[in-house]
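# Reading the structure
Below, each chain spelled out in residue letters.
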Amino acid sequence: MAFGQMYYTSCRTGLSGAPGFQFHAVSPGIEPDVLRDAEALTSYQPPRALTLEPSEENIRRAPVNLCFLPGSVTLVANVVYVGADYSRRPGNYFAHTLVSRDPGADLGAVLPIELWRAPFWAREENGGAELPELPGPPPAGALDRAAVAAFLRDRPDAGHLPALLTAADEAVRTHRRKVVIVGADCDEVACWIAALSHLLPPATAARMSFATYERDPRYSRVDVIGAAGDADLGGDELTAYHLFDFTTGRVSAVAAHPLARVLAGLDPADAAEAWSRAGRWADGSEQSLDDWLPVAVAAMMTWPRGPESARDEPVAVAAWLGRNGARLGPAVVGEVGRAVLALLGAESGEDCLRALRDVGEAAAACGSAGLREAAEVRAVEILLASVRSDGLPAVPDLPLTSPRARARAEERLAEELPGLPAAVTVRLLDWAEAAGITLDPAALERAGERIVGPAVLLFPDDRPLRAALARNPSLRAGVARYLEAVGDDELDRIVAALDGGLADLLGPALDEAGPRTRRAVVVAGVRSGRRDAVDGLAAVLDGTGPPDEPLLDLLFGDRAWSLAEARRVLAVLGDRAAAPAVTRRIGDTVLADGDEEGVEAYARFCLELRATAVHNGLPGPARARIDLMRELAGWVKRLADADAIDGFRKWLARLDADDQRLVEAVIAARFGELSAVARARLLVHLPGARHAYCAGLSRTLGRREGDFETAATALVTLAGVARMNPAPAVRAAASELDTVLRRSVGRWNGRTQRRLLEMISLDARPGIVEWIGRWMEQRPAGMLGRVRGLFGQGRGAAESAEAGWRGL
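Residues numbered from 1 in each chain as written. Predicted model: local features only at pLDDT ≥ 70, side-chain atom pairs only at ≥ 80, totals over all residues. Heavy atoms only, no water.

## A few points about unusual backbone geometry
Applicable threshold: Every helix listed is a DSSP run of H or I at least four residues long, and every strand listed is a run of E at least two residues long, numbered separately from the N terminus. Think of it in three bands: residues with accessible area under 20% of the maximum for their type are buried, residues over 50% are exposed, and the middle band is partly exposed, with areas taken using a 1.4 Å probe on protein chains only.
With an omega of -10°, the peptide bond between Gly136 and Pro137 qualifies as cis. For Pro137, the location among the structural elements is in the loop between β6 (134-135) and α5 (145-153). Phi is positive for Arg88, which is not a glycine, with a value near 65°. Locating Arg88 in the fold gives a position in the loop between β4 (74-83) and β5 (92-100). A relative accessible area of 74% means that Arg88 is categorised as exposed. We note that Arg117 has phi near 55°; this positive angle belongs to a residue other than glycine. In this structure, Arg117 sits in the loop between α4 (103-107) and β6. Take Arg117: its relative accessible area is 45%, and that puts it in the partly exposed class.

Following this line, the structure appears as structure tokens:
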């Protein structure tokens, strides 16, 4: 173990054989390329002030450059300024360089920076050209760990140390941005470099090249460079370098690494032992501060002299522990794992749970059942403590293997579930199922009643909520209890939820539900089309009061009842039909002027209402419509007398247009109740009734062949019109009715027409039968021919009129 040595200066005689800067003396066996590296490394430019005032005092105070360049051949050099050379030319310096091919063995425990101002460094040339080897390890100077600790304690700018450590680690690893330290003198710079060497990971410190002084860092070969105030840094020094100018306070922006913050709090006197502890737990792959963070922090958080900041990284340590549990063994995992458990807090949330899971995995890997149980119990406590403040964004990945942890989870969930938000409850239920936790049915039922029930009404389509209900019968029972409790106030929401599939989810829980919930189930069945609305109304009536408006809206919507529905509702409600909510809807039915049952059924419905208690509660327009139908019924009876037709026409003329159309439609529908004479006259004198009658006739006879009764009434009526005095109104009536009959009855086959004529002959007079027979045989071309064929065929006007009045 020995160093080769080299002296380099400006001298009269040296190894080059000529005066000037050259190696004055070297140890045997040093190769030329090593000499060239040493010459480049030790190049020295004194501060400008020295060249202007080269006094003995200034020369003595000139900065010393202790430089270190690791590699396959490691160089450590001490460069001092000596003023003028042999020719009295200023700018001379003397470099004493040590060369090692095995620096670990040659330096031993001495760090390169600890050779600062060591007593063995030469400052002037000796008499010969050959130097002996220097035995290792060399004697250190005064810059030991205690001195560095004292230096940092007295520095108000020591707060920059974490950033400086971070920048140095980056420079060693990447060589992209050099670190430049500007101090009041080279001794201060050496102290900062010593702090880096003592605190950084030993392998990093061993690779960190440095120089305590260079006037122009731009051309330096090393990672960490010391400089004086007049250094040539260029104009972008804050971004070209990681600059730490402790004379002016100019410092580049560097985000301090978490481990650098921990190392900055470590006493340099304790650093060697701290890194020794960390080294025993490392796997050998650690290079950067990121790699070393969990290892070093784990070593220091469990060490009484470790910095307090080492206890700020339990999550990182737990992740490392989880990956290395089997390698570290139960003793280390137990020591570090219990420290992590003590440091984790509920405020860490998801990170804390992940760390506890990592500790559990490490414990499982090394067979430490007690630690695994402790980690799982702690995780349960932290999980349920954090959900109240932070919620639960996702289902936690937290398996439980120990019976004690599962029992604690069951106990805590029974306490917490009824008071947590619905989304949190659902995620906890999913976690409990995955972790094999048996939940208290009573707690689940309370959670269903207090939490999940309201949420189901607010968010009926929430899939996680529905999935939780599908898997938990106790939860469903609680929801059913909630629905019963709010059935009167939330009927519409309950119906919407049940109709949206909640009824299928709750299933048997609804069979035991109370009357309010059963009512909602019935309404939902109606809304979905599975149940008739009137039957639903009958099923939800409680036997006392009438239905209210909201219930009817849910059952029937905002549409008017059909005639059939209205009759059924009246039958179901009985005396309760006089309730305002019912009479309003009955009034809407009355004012709708009928439905597919036809105006005749509508008129009968109105007359039926006139005799009930509902009539008095109907809106005024509906009562007026019913009164109109009652008057019309009286006229229908009087119209059997032909003389009443003129009075009826006058009464009809006093009605508004809408009422006229309704009356004419009802009259047309009830033509079968009138005599043939009355029918004929009404067709002639009431065009609106005629149009309605013909339209209905066209629909009826056009749908089916063989409606003999309708066809017979129409043909007898046509015969009556045709035998009247052929005035223009008579001709128009006959033509319209004849057209309808030609397009329907006229197209029946001969056999069907003969059967129809036989039926007519049973009741009609022979003259009418004869006329209809001729009508069936006629095939005149065009309207004019048909009209001529209808009227008289040679009979005079008076005879035709008389025959018409006689109904022939």
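## Regarding helix α7 (residues 186-199)
Here is the rule we go by: Given the number of residues in a helix, its expected span is that number minus one, multiplied by 1.5 Å. Any pair of nitrogen or oxygen atoms within 3.5 Å is treated as a polar contact; in protein, a donor-acceptor pairing is required on top of that, and neighbouring residues in sequence qualify only through side-chain atoms on both sides.
The terminal C-alpha atoms of α7 lie 20 Å apart, and with 14 residues this matches the ideal 20 Å at 1.5 Å per residue to within 8%. With 13 of 14 residues buried, α7 is to be regarded as a mostly interior element. Where α7 begins, one side-chain oxygen reaches toward the backbone nitrogen of Asp187, 3.1 Å away; that side chain belongs to Asp185.

## A few points about helix α35 (residues 708-722)
With 15 residues, α35 extends 20 Å between its outermost C-alpha atoms, agreeing within 8% with the 21 Å of an ideal straight helix rising 1.5 Å per residue. With 12 of 15 residues buried, α35 lies mostly within the body of the structure. Listing the buried residues of α35 in full gives Phe708, Ala711, Ala712, Ala714, Leu715, Val716, Thr717, Leu718, Ala719, Gly720, Val721 and Ala722.

## Topic: the pairing of strand β9 (residues 224-227)
Here is the rule we go by: The rule for pairing is simple: two strands pair if DSSP sees at least two bridges between them.
Every second residue of β9 is oriented toward a common face, with Val224 and Gly226 on one face and Ile225 and Ala227 on the other, all of them buried. In terms of strand pairing, strand β7 (residues 179-182) meets β9 through four bridges, oriented parallel. Bridged to Ile181 within β9 is Gly226. As paired elements, strand β8 (residues 210-211) and β9 share two bridges and run parallel to each other. Bridge pairing in β9 links Ala211 to Ile225.

## As for the side chain of Thr700
Heads up, the condition is: Should any heavy atoms of two residues lie within 4.5 Å, those residues are considered in contact.
Note on placement: Thr700 falls in helix α34 (residues 687-703). Thr700 sits in the buried class, given a relative accessible area of 18%. At 2.9 Å, the side chain of Thr700 forms a polar contact with the backbone oxygen of Gly696. If we ignore the near neighbours within four places in the chain, the residues touching Thr700 are Asp707 and Thr710.

## Description of the packing of helix α6 (residues 161-174) against α7
In plain terms, the rule: Axis definition: a line fitted to C-alpha atoms, over the contacting stretch in the case of helices. Angles run 0 to 180 degrees between N-to-C directions. For classification, angles of less than 35 degrees are called roughly parallel, those exceeding 145 degrees roughly antiparallel, those between 65 and 115 degrees roughly perpendicular, and all remaining angles oblique. All amino acids are sorted into three groups, where Ala, Val, Leu, Ile, Met, Phe, Trp, Tyr, Cys and Pro are nonpolar, Asp, Glu, Lys and Arg are charged, and the leftover types, Gly among them, are polar.
Where α6 meets α7, the closest approach of the two axes is 10 Å, and the angle between their N-to-C directions is 70°. Classified by the interaxial angle, the pair formed by α6 and α7 is roughly perpendicular. In this structure, α6 contributes Leu161, Leu164, Leu165 and Ala168 to the contact, and α7 contributes Trp192, Ala195, Leu196 and Leu199. Residues of the contact of α6 with α7, tallied by class, amount to eight nonpolar, no polar and no charged.

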